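Report on the structure
Here is how the chains run, residue by residue.
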Amino acid sequence: MRIKELKNLVESKADVSTRIETHATHNQYNVVVEHGGAEYAITNWRNKPLIFRSLDQATEALARAGIFHSVLVQHDGDKKILEVDTHPQLFLGSTPFSV
């Protein structure tokens, strides 16, 4: 799924949720979109997974698509989940908890 397709889903008021996944030892983030019981990775124009080099890049891309709340999943042996606000003027993270 491309960013443009995600934006169209958001504008059509579809039930969409997103998560940003990363590994603690890497500075790479990928975005996964959940819609209609399926999961889709955000892809580039070549249909290859779109990898962001910073959390800011990932949240800005989501904000441009109209997603203002996401979940950050960090894998570092234990799985940590953070709630992330991707609103352009706000960037908040909550206390991590293990799953």
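What comes next concerns the included structure. Nothing here was measured: the structure is a model prediction, and the numbers come from that model.

**With respect to the overall build of the protein**
Assigned secondary structure in the protein consists of two helices and seven strands. Reading the secondary structure of the protein in the N-to-C direction produces α-β-β-β-β-α-β-β-β. Within the protein, buried positions represent 32% of all 99 residues. Within the protein, residue pairs in contact and separated by at least 24 positions form 40% of the contacts whose partners lie at least 6 positions apart. Accessible surface, the protein: about 6,400 Å² in total, of which carbon and sulfur atoms supply 50%.

**A short note on the pattern of salt bridges**
If charged atoms from side chains of opposite charge come close, those side chains can pair. The full count for this structure, using the stated rule, is three salt bridges. Here Arg19 makes a salt bridge to Glu21, at a shortest N to O gap of 2.6 Å. Assessed through its relative accessible area of 15%, Arg19 is described here as buried. As a salt-bridge pair, Glu39 and Arg19 come within 3.1 Å of each other at their nearest N and O atoms. Of this pair, Glu39 sits in strand β3 (residues 38-41) while Arg19 sits in strand β1 (residues 16-23), and the two are 20 residues apart along the sequence.

**Here we look at unusual backbone geometry**
Notably, Lys13 is not glycine yet its phi reads approximately 65°, a positive angle. Mapped onto the fold, Lys13 is located in the loop between α1 (3-11) and β1. Phi at Asn47 is positive, roughly 60°, even though this residue is not glycine. Turning to its location among the elements, Asn47 is positioned in the loop between β3 and β4 (51-52).

**Examining helix α2 (residues 55-65)**
Listed as buried for α2 are Leu55, Ala58, Thr59, Ala61, Leu62, Ala63 and Ala65. The positive-phi residue at the C-terminal boundary of α2 is Gly66, with phi of around 100°.

**Notes on the nonpolar core**
Ranked by internal contacts, the top residues of the largest apolar core, which has 17 residues, are Leu6, Ile20, Tyr29 and Val31. With five residues, the single largest contributor to this core is α2.

**What to know about the environment of Tyr29**
Mapping Tyr29 onto the fold places it in strand β2 (residues 29-35). Of the residues examined, Tyr29 reaches a relative accessible area of 14% and is grouped as buried. The spatial distance from the C-alpha of Tyr29 to the C-alpha of Leu50 is 8.6 Å, given a sequence separation of 21 residues. What Tyr29 contacts, discounting residues up to four positions off in sequence, is Ile20, Glu21, Thr22, Leu50, Ile51, Phe52, Arg53, Ser54, Leu55, Ala58 and Leu72.

Criteria and cut-off values
Residues numbered from 1 in each chain as written. Predicted model: local features only at pLDDT ≥ 70, side-chain atom pairs only at ≥ 80, totals over all residues. Heavy atoms only, no water. Helix = DSSP H or I, 4+ residues; strand = E, 2+ residues; numbered from the N terminus. Buried < 20%, exposed > 50% of the residue type's maximum accessible area, 1.4 Å probe, protein only. Contact = heavy atoms within 4.5 Å. Areas by Shrake-Rupley, 256 points an atom, 1.4 Å probe, with all protein chains shown as cover. Salt bridge = Lys/Arg side-chain N within 4 Å of Asp/Glu carboxyl O. Core = buried A, V, L, I, M, F, W, Y, C linked by side-chain atoms within 4.5 Å.

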